[in-house]
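# Analysis of the macromolecular model
The primary structure of each chain is shown beneath.
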Amino acid sequence: MESLLEELLEECRPCTREGHVATYIPELAKGDPSQLGIYVLRSDGHHYQAGDWSARFTIQSVVKPILLLLALMDNGEACVRARVGVEATGKPFDAINVTDQALLSEHLNPMVNMGAITMCTLIHGDSYEEKFQRLLELTRTLTQDPEVCLDEAVYRSEKRTGNKNRAMAFLLKAYGLLDGEVEEVLDFYFRACSLSVSCQDLASMGMVLANHGRLPHSEQSLFPAQYANYVNAILMTCGMYDGSGDFAIRVGIPAKSGVGGGIMAVVPTQMGIGIFSPGLDQKGNSLAGIQLLERLSNRLYLSIF
Ligand code: GLN
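Residues numbered from 1 in each chain as written. Predicted model: local features only at pLDDT ≥ 70, side-chain atom pairs only at ≥ 80, totals over all residues. Heavy atoms only, no water.

## Quick look at the packing of helix α4 (residues 113-122) against helix α7 (residues 163-174)
What counts here: What counts as an axis is a line fitted to C-alpha atoms, over the stretch in contact for a helix, and the angles between N-to-C directions run from 0 to 180 degrees. Labels follow the DSSP assignment, with helices taken as runs of H or I lasting at least four residues and strands as runs of E lasting at least two, numbered in each case from the N terminus. For a crossing to be left-handed, the near helix must be turned anticlockwise from the far one by less than a right angle; the clockwise case is right-handed. Residue contacts follow a heavy-atom distance rule, with two residues in contact if any of their heavy atoms lie within 4.5 Å.
Taken N-terminus to C-terminus, the directions of α4 and α7 make an angle of 65°; their axes are 10 Å apart at the nearest point. Between α4 and α7 lies a crossing whose hand is right-handed. When α4 is examined against α7, the residues Asn113, Met114, Ile117 and Thr118 are found in contact with a partner set consisting of Asn165, Met168, Ala169, Leu171 and Leu172.

## Brief notes about the sheet that holds strand β3 (residues 57-58)
Our working rule: When DSSP finds at least two bridges between two strands, those strands are taken to pair.
If you trace the three strands from one edge of the open sheet to the other, you get β3-β5-β4, paired in antiparallel fashion. Two strands lie at the open edges of the sheet, namely β3 and β4 (149-150), each paired on one side alone. With two bridges joining them, β3 and strand β5 (residues 195-197) adopt antiparallel strand pairing. Residue threonine 58 lies in a different strand from β5, and its bridge partner there is serine 196.

## Things to note about the site of the ligand
Using the following cut-off: Only a single heavy atom is needed: when it lies within 4 Å of a molecule or strand, its residue is near that molecule or strand. The definition of a polar contact used here is a pair of N or O atoms within 3.5 Å, where within protein one atom must be able to donate a hydrogen and the other to accept one, and adjacent residues in sequence count solely through side-chain atom pairs. Here the open area of atoms and residues is found with the Shrake-Rupley method and a 1.4 Å probe, where only the protein chains shown may cover a residue. Only Asp, Glu, Lys and Arg are considered charged in this grouping, and only Ala, Val, Leu, Ile, Met, Phe, Trp, Tyr, Cys and Pro are considered nonpolar; every other residue, Gly among them, is considered polar.
The ligand sits among Tyr24, Gln60, Ser61, Phe93, Asn113, Glu158, Asn165, Tyr189, Cys193, Tyr241, Gly258 and Val259. One of the side-chain N or O atoms of serine 61 is found 2.7 Å from an oxygen atom in the ligand. Contact distances for the ligand include 2.8 Å between an oxygen atom and a backbone N or O atom of valine 259. For the ligand, the accessible surface in isolation is 300 Å², of which the surrounding protein chains cover 99%. Of the residues in the shell around the ligand, the class split is six nonpolar, five polar and one charged.

## Some remarks on the side chain of serine 244
Using the following cut-off: With a 1.4 Å probe rolled over the protein chains alone, any residue whose accessible area is under 20% of its type maximum counts as buried; one over 50% counts as exposed, and the rest are partly exposed.
Within the secondary structure layout, serine 244 lies in helix α11 (residues 244-250). Serine 244 sits in the buried class, given a relative accessible area of 4%. Of note is the side chain of serine 244, whose polar atom sits 2.7 Å from the backbone oxygen of tyrosine 241. Beyond its immediate chain neighbours, meaning those up to four positions away, serine 244 contacts Met236, Thr237, Cys238 and Gly239.

## Examining the nonpolar core
Quick note on the threshold: We call a set of buried Ala, Val, Leu, Ile, Met, Phe, Trp, Tyr and Cys residues a nonpolar core when their side-chain atoms join them within 4.5 Å.
Of all hydrophobic cores here, the largest spans 71 residues; its most connected members are Val63, Leu67, Leu68, Leu135, Leu142, Leu209 and Phe223. Residue contacts for leucine 142: discarding those within four places in its chain leaves Ile66, Leu69, Ser204, Met205, Val208, Leu222 and Phe223. Counting 28 residues, the second-largest nonpolar core is a separate cluster that includes Leu36, Ala50, Met240 and Ile253.

## A look at helix α6 (residues 152-161)
Selection criterion: Arc, as used here, means the arc of the directions from the helix axis to the C-beta atoms.
Where α6 is concerned, the buried positions are Val154, Tyr155, Ser157 and Glu158. Around the axis of α6, the buried residues are gathered within 165° of arc, so they sit on the same side. Packing partners of the buried residues in α6 comprise β3, β4, α7 and α8 (182-193). The N-cap of α6, judged by a side-chain oxygen 3.2 Å from the amide nitrogen of alanine 153 a few residues on, is aspartate 151.

## Details of α4
When you tally the buried positions in α4, you get ten out of ten residues, the bulk of the element. Restricting attention to buried positions, one finds in α4 the residues Asn113, Met114, Gly115, Ala116, Ile117, Thr118, Met119, Cys120, Thr121 and Leu122. In this structure, the buried side of α4 is in contact with α2 (64-75), α3 (77-83), α5 (128-143), α7 and α8.

## Description of the pattern of salt bridges
Pairing between side chains of opposite charge can happen when the charged atoms of each approach one another. Using the following cut-off: By convention in these notes, a salt bridge is any Lys or Arg side-chain nitrogen within 4 Å of a carboxyl oxygen on Asp or Glu.
In this structure the tally under the stated criterion is 16 salt bridges. Arginine 299 is the partner of glutamate 7 in a salt bridge, and the nearest nitrogen-oxygen pair spans 3.1 Å. Linking glutamate 7 in helix α1 (residues 2-12) with arginine 299 in helix α12 (residues 287-300), this pair joins segments that are 292 residues apart in sequence. We note a salt bridge from arginine 156 to glutamate 152, for which the minimum N-O separation is 3.2 Å. Taken together, the residues span about one helical turn, with arginine 156 and glutamate 152 both in helix α6 at a distance of four residues.

## What about the pairing of strand β1 (residues 37-42)?
Regular strands have side chains that alternate between both faces of the sheet. The buried fraction of β1 amounts to five of the six residues, a majority that puts the element mostly inside the structure. Where β1 lies against strand β2 (residues 47-51), five bridges are found, and the strand directions are antiparallel. Across the sheet, residue leucine 41 finds its bridge partner in β2, namely histidine 47.

## Digging into the sheet that holds strand β8 (residues 271-276)
One open sheet accounts for five strands, arranged β2-β1-β8-β7-β6; its pairing is antiparallel. Edge positions in the sheet fall to β2 and β6 (255-257), since each has one partner strand and no second. Along the sheet, successive strands turn relative to each other by an average axial angle of 10°, direction set aside. The pairing of β6 with strand β7 (residues 262-267) spans three bridges and is classified as antiparallel. Bridge pairing in β7 links lysine 256 to methionine 264. Lying on the sheet, α1 is in contact with β1 and β2; it crosses β2 at an angle near 25°. Strands β1, β7 and β8 of the sheet are contacted by α12, whose axis makes an angle of about 150° with β8.

Next comes the structure, spelled out in structure tokens:
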């Protein structure tokens, strides 16, 4: 397996030159697009890694499934579903979905920014500081990594420039879909996106989702199996934004991307996979990362289709 990963990684390396690092968050523009790493964690505990697997990067939208999990754990499925829909939008991650002058909860999706910002308001806690600590705790547990922490520079950078997210949050507020102070909710969202993680962290998270909510090699259930099912289903249909259909054909497993270059992939019952390569395609997904996952999926017959 290790040599297979090395081989596929070398095949995909040239493709890193075709991607572009995100620049709309100035701090992310400093990323090195030549980086490419992978970490595979199997359900039997064996793990395999290659390339820049130990690099740290910000989680960005890969935090969305964690926000969704926490919202489900705090409120239950019916309540979350009533506030944030589950249908694929077919729109880019920063689309402002106003249809015929109406913005309804069913227009939202937890993997797309407006839905994710709304989910931030569903997380329990007396203050946003307490909500953030609960998110951080859950992330550290899912990743089994106590070193997950806030990347201050990326957080400040996005907070300074994130006016599109601000516009979305104000629209949500105007349409009665967002409780609380817009700036406070956004501050939490920007901090959530700026957690610093590694490929290993994403593989561990993916493994818990693949394992029905249980840590591998443990009877400890972190959340009910039905929530893993809920999250994985939404990852399959919307985890790669408006590239999810193409991804389903090419790779065929639930996955979530982030503009930091990370991808978390879930092979139900079998493995969690973490990938990092900061050069993005036009939809904001890691370009070489998808190519690497496609090749791995083909070689190991991972597609669920
Ligand atoms: N923090 C980023 C944003 O809201 C996350 C987007 C992404 O990773 N696709 O714009």
